[in-house]
Amino acid sequence: MLRAVEPLEQAIAARAGTAAPLAVRDLTVAYHRKPVLWNVDFTAPAGGRIAIVGPNGAGKSTFIKAVLGLVPRVGGEVLVFGKPVESQRRAIGYVPQRESVDWDFPTSAVDVVAMGLYGRLGWCRPVRRRHLEEARAQLDRVGMADFADRQIGQLSGGQQQRVFLARALAQDAQLYLMDEPFAGVDAATERAIIDVLRELERAGRTVICVHHDLQTVPEYFDHVLLLNLRRIAAGPVKEAFTEANLQRAYGGRLAPPELVAAVRG
Amino acid sequence: MEITLADFLTIDLPAMLVGTLAGIPCALLGTFLVLRRQALIGDALSHVVLPGIVAGFMISGSIATLPMMAGALAASVIAVLLIEAIRRLGRLETGAAMGVVFTVMFAAGVVMLEQGVGTRVDLDAQHALYGAVELTYWRGPTDWASLLDPAIWAALPHSITVLAAVALLTVALVLLFYKELKITTFDPALATSLGIRASWVNAGLILMVAVAAFEAVGSILVIAMFICPAATARMLTDRLSRQLVLSVVFAILSGILGYVFAAFVPLWIGAANSLTAAGMIAAVGGVFQLLAMLFAPRYGVVARALSRRGEIPA
């Protein structure tokens, strides 16, 4: 890690909730008066690679969207590096689910990546040549340099996911929130995402991913947040990603062999 | 029948200007509406503004632009609030709520029009539905050289000045907020997470749509110009900037050719009457769309059939 932090210091910071990349307290979210997240507390460790895991409809994506302010919070508080999330937009990078946008949109891969720079550019400032060059460099990092000028609808699903990843890299954020980046991607894309996660870890950035594949959790991530409407468990993978916790999160819906395989990695 | 140059400059040129200038802002804003899958918002607002325009006219007692424009904007805001209220209280989906609001408000506008102001000049149901493209006269120019005289330009009809101002304002706003319009159309969640409030950009876009719908004299022209040029341009390019430029080109071509087909072609082929300009402009817009669907280089029916044949070895 680039920014090594003493364990004691980290513990104090986590308790105070000030320096933590993300500190969520008592978060409650409801759609049409139906609660989808109840009183969730979570503190992300600095430089961590954190998986959010839980069954379908557990509120994993909602957690990320509520943190970003994309869905209204009924209650609770979200602090990013000790400040309200609204004032910390530049510190956060976001990778939405691939299905959330219209890939027929008339734009190229490099244009989409350049959108990651819009926050830094500010209102009404145009995208210039050097911004597009920066976007091309980010596409290169995910192995997509050859596809920069392709209309985004002509890319494969995995390539589209890498475009989103490059866009998040362009944001040059301290905290990354990714919604199922590994969902339905090819092997090349999976490797590219893992490389980026490692690179971000080395640079001391914090990454939080909604993740659906339990088998790969111990391999890709070092921390985990188990959700099912409420927080089931959270902590280092070794401590929190246990059979008992998974059983609680999935409510017995997980067949035992699958469960054992997941916990053993 | 011979058309003199003086007639052309007095009657036909201003009508063509009205047709093209009204189309430009519609084409630009329509590009974003079509990409947002909200193409019918232009249609809805063009109906919704009618009671506002009539109310503005009845209260001020004049056909000055400002009170009618204020009425149109007020009606748009009321419509948006009503749609939201019906959606929530009536538990209807947005499309149904919009359908209810815009038909009821349009009907109210027609009733107000017939009862309140039907007998007076320049504001009647005919105008509201079909537009009054051919009712604009420019008293002054008699030949091309006279267009160089500033005094002639001072006599330019007020409606053309206003249309030009709205067109310029729309071009300026789209250039200034191009990046914001693009990202909120493509990925509103990312935009909001970056601090570009998608809801503000949406509100601004809808406001401009209301202004353009009000200015574009007549519902038929508005509906056609919001959708046809944008949809035609989409068939021809994969770049948003080019789509915007092409949509303006098609709006201008529709305005000019539509008028030619309405005013001149019937006379050339010996018909007794000319046709309605707004209707013909809309029809030409539809023909462009049809041609693009058939013959566009990549997305056209013909091109796709040819490329399919190329892929399958005989």
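One can find the structure itself at the top, above this paragraph.
Here the structure is a predicted model, which means the values were calculated and not measured. (Residues numbered from 1 in each chain as written. Chains lettered and ligands numbered in written order. Predicted model: local features only at pLDDT ≥ 70, side-chain atom pairs only at ≥ 80, totals over all residues. Heavy atoms only, no water.)

## Thoughts on the nonpolar core
The nonpolar side chains of a soluble globular protein tend to be buried with one another.
At step 1: Counting residues in each nonpolar core, the largest one holds 125 residues, and the members touching the most others are Leu139(A), Met178(A) and Phe226(B).
At step 2: With 16 residues, the single largest contributor to this core is helix α1 (residues 5-35) of chain B.
At step 3: Ignoring anything within four residues of it in the chain, the contact list for Phe226(B) reads Cys26(B), Leu29(B), Gly30(B), Leu33(B), Val34(B), Gly42(B), Val209(B), Ala212(B) and Ala213(B). (Core = buried A, V, L, I, M, F, W, Y, C linked by side-chain atoms within 4.5 Å. Buried < 20%, exposed > 50% of the residue type's maximum accessible area, 1.4 Å probe, protein only. Helix = DSSP H or I, 4+ residues; strand = E, 2+ residues; numbered from the N terminus. Contact = heavy atoms within 4.5 Å.)

## Points about the environment of Gly158(A)
Residue and element names in this part refer to chain A.
At step 1: Topologically, Gly 158 is positioned in helix α6 (residues 157-170).
At step 2: We classify Gly 158 as buried; its relative accessible area is 4%.
At step 3: C-alpha separation for the pair Gly 158 and Glu 133, spaced 25 residues apart in sequence, amounts to 23 Å.
At step 4: When sequence neighbours within four positions are dropped, the list of residues in contact with Gly 158 reads Val 185, Asp 186 and Thr 189.

## Quick word on the packing of aromatic side chains
At step 1: The final tally for this structure, using the stated rule, is 13 aromatic pairs over all chains.
At step 2: Measuring from ring centre to ring centre gives 6.4 Å for Tyr220(A) and Phe221(A), while their planes differ by 65°; the resulting arrangement is edge-to-face. Taken individually, Tyr220(A) and Phe221(A) each receive the classification buried, so the pair is uniform in this respect.
At step 3: With a centroid separation of 6.2 Å and an interplanar angle of 55°, the aromatic rings of Phe8(B) and Trp144(B) are classed as tilted. Taken together, the positions of Phe8(B) in helix α1 and Trp144(B) in the loop between α5 (125-130) and α6 (150-154) put the pair 136 residues apart, joining distant regions of the chain.
At step 4: Note on Phe8(B): relative accessible area 18%, which makes it buried.
At step 5: For Trp144(B), a relative accessible area of 51% translates into the label exposed.
At step 6: Site record: aromatic cluster; members linked through ring pairs are Phe8(B), Trp144(B), Tyr259(B), Phe264(B) and Trp268(B). (Phe/Tyr/Trp six-rings, centres within 6.5 Å; stacked < 30°, edge-to-face > 60°.)

## Topic: the sheet that holds strand β2 (residues 34-44) of chain A
Residues and elements named next belong to chain A.
At step 1: Within the open sheet, the four strands sit side by side as β2-β1-β4-β5. Their pairing is antiparallel. Single-partner strands in this sheet number two, and they are β2 and β5 (83-84).
At step 2: Note that strand β1 (residues 22-31) and β2 share seven bridges and pair antiparallel. Bridge pairing links Ala 30 to Pro 35 in β2. (Pairing = 2+ DSSP bridges.)

## Some thoughts on the pattern of salt bridges
At step 1: Taken as a whole and judged by the stated rule, the model has 16 salt bridges over all chains.
At step 2: With a closest N to O distance of 3.0 Å, Asp102(A) and Arg37(B) form a salt bridge. Of this pair, Asp102(A) sits in the loop between β6 (92-95) and α3 (109-114) while Arg37(B) sits in the loop between α1 and α2 (40-60), which puts the two residues in different chains.
At step 3: Using a relative accessible area of 22% as the deciding quantity, one classes Asp102(A) as partly exposed.
At step 4: Residue Arg37(B) is classed as exposed on the basis of its relative accessible area of 64%.
At step 5: Here the salt bridges share partners, and the residues they tie into one network are Asp111(A), Lys182(B) and Arg239(B). (Salt bridge = Lys/Arg side-chain N within 4 Å of Asp/Glu carboxyl O.)

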